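Results of the structural survey
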Amino acid sequence: MNFSHALAQVMQRMDLKRSDVAKASGYSHQYISDLLSGERRWNEDSINRVCDALGIKIEIKQPDEQPEEEGSIGAVAQ
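These notes cover the structure that comes with them. (Residues numbered from 1 in each chain as written. Predicted model: local features only at pLDDT ≥ 70, side-chain atom pairs only at ≥ 80, totals over all residues. Heavy atoms only, no water.)

**Observations concerning the packing of aromatic side chains**
For the structure shown, the criterion picks out two aromatic pairs. With a centroid separation of 4.6 Å and an interplanar angle of 80 degrees, the aromatic rings of Phe3 and Trp42 are classed as edge-to-face. You can see Phe3 sitting in helix H1 (residues 3-13) and its partner Trp42 sitting in the loop between helix H3 (29-37) and helix H4 (44-54), a full 39 residues away along the chain. For the pair formed by Phe3 and Trp42, the shared burial category is buried. Summarising the aromatic geometry, the rings of Tyr27 and Tyr31 are spaced 4.6 Å apart at their centres and angled 35 degrees between planes, so their arrangement reads as tilted. According to the relative accessible area criterion, Tyr27 is buried, its value standing at 14%. Of the residues examined, Tyr31 reaches a relative accessible area of 17% and is grouped as buried. Of note, Arg49 hangs over the ring of Tyr27, and the distance from its end group to the ring centre comes to 3.8 Å. (Phe/Tyr/Trp six-rings, centres within 6.5 Å; stacked < 30°, edge-to-face > 60°. Helix = DSSP H or I, 4+ residues; strand = E, 2+ residues; numbered from the N terminus. Buried < 20%, exposed > 50% of the residue type's maximum accessible area, 1.4 Å probe, protein only. Lys NZ or Arg CZ within 6 Å of the ring centre and 35° of its normal.)

**Description of the packing of helix H2 (residues 18-25) against H4**
A pair of packed helices is characterised by two quantities: the angle between their axes and the separation of those axes. At a closest axis distance of 8 Å, the pairing of H2 and H4 adopts a crossing angle of 100 degrees. The orientation of H2 relative to H4 falls into the category roughly perpendicular. Packed against H2, whose contacting residues are Val21, Ala24 and Ser25, the element H4 presents Arg49, Val50, Ala53 and Leu54 at the interface. Its residues assigned to classes, the contact of H2 with H4 comprises five nonpolar, one polar and one charged. (Axes fitted to C-alpha atoms, helices over the stretch in contact; angles between N-to-C directions. Parallel < 35°, antiparallel > 145°, perpendicular 65-115°, else oblique. Contact = heavy atoms within 4.5 Å. Nonpolar A, V, L, I, M, F, W, Y, C, P; charged D, E, K, R; others polar.)

Printed below as a string of C-alpha cells:
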C-alpha cells in the first residue's frame, strides 16, 4: 500500500475532505490533491506536516504485523 492510498483510507475513516487536510496542514487544496493523485511526490516535510496536522503516525511493520492504533498508517517494507 502506498502512502497516498493509506492516507485516503484514514481521511475516509476520519470523514475528512482534501480541503480539511489542506487547511490543517497549511498546504493549498490543489497541492494536497496533487499529492493524493500522484501528480506530485510526497517528501519528508509534506508527510510530516500532514501526519502532524491529522494526529497520525507512520509505523514500519513486518508484513505479518498489524498497526497498533486505528489512526496510524502502517508502511510495509517489500
